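Structural overview for review
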Amino acid sequence: MLVLPLMFTGCEIIAGIKARSVSGSVDLTGDSLKGITSFAVALFQNSFYSMISPLSVLCALAVTANGAQGETLAQMEDTINLSMPELNTYMGAFRKGLP
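Residues numbered from 1 in each chain as written. Predicted model: local features only at pLDDT ≥ 70, side-chain atom pairs only at ≥ 80, totals over all residues. Heavy atoms only, no water.

1. Considering the nonpolar core
- Core analysis: the biggest nonpolar cluster contains 14 residues, and Leu-58, Leu-87 and Met-91 have the highest contact counts within it.
- At the level of secondary structure, the elements contributing two or more residues to this core comprise α2 (30-45), α3 (54-65), α4 (70-80) and α5 (84-97).
- Among the elements that line this core, the one with the most residues is α5, at four residues.
- What Leu-58 contacts, discounting residues up to four positions off in sequence, is Ile-36, Phe-39, Ile-80, Leu-87, Tyr-90 and Met-91. (Core = buried A, V, L, I, M, F, W, Y, C linked by side-chain atoms within 4.5 Å. Buried < 20%, exposed > 50% of the residue type's maximum accessible area, 1.4 Å probe, protein only. Helix = DSSP H or I, 4+ residues; strand = E, 2+ residues; numbered from the N terminus. Contact = heavy atoms within 4.5 Å.)

2. Let's talk about α2
- The first and last C-alpha atoms of α2 sit 22 Å apart over 16 residues, in line with the 22 Å expected at 1.5 Å per residue.
- For α2, the complete set of buried residues consists of Ser-32, Gly-35, Ile-36, Phe-39, Ala-40 and Leu-43. Seen end-on, α2 carries its buried residues on one side only, within an arc spanning 125°. Residues of α2 that are exposed and angled more than 90 degrees away from the buried face: Asp-31, Lys-34 and Gln-45.
- In this structure, the buried side of α2 is in contact with α3, α4 and α5. (Expected span 1.5 Å × (residues − 1). Arc of directions from axis to C-beta.)

Take a look at the structure:
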């Protein structure tokens, strides 16, 4: 019974928050492609789950990394193998490419 009031009052937390605009083109060659591929391969190598989506994990980490700063952000960029501007551009282009 207490869950419903908490769900509806939580909506006020994000009131007024706007998404950052993403511009630019994505060049998935060279270091960018190597970074994304390395992340996916490492995820498979270090996971005991047989069904895992590197893209889903990348999306979740991208959301989390956008709220990170300092050493945490640096560690996330190192894990993802892309800087935040590169990651945001990549994820924005991916989203725009969806049907």
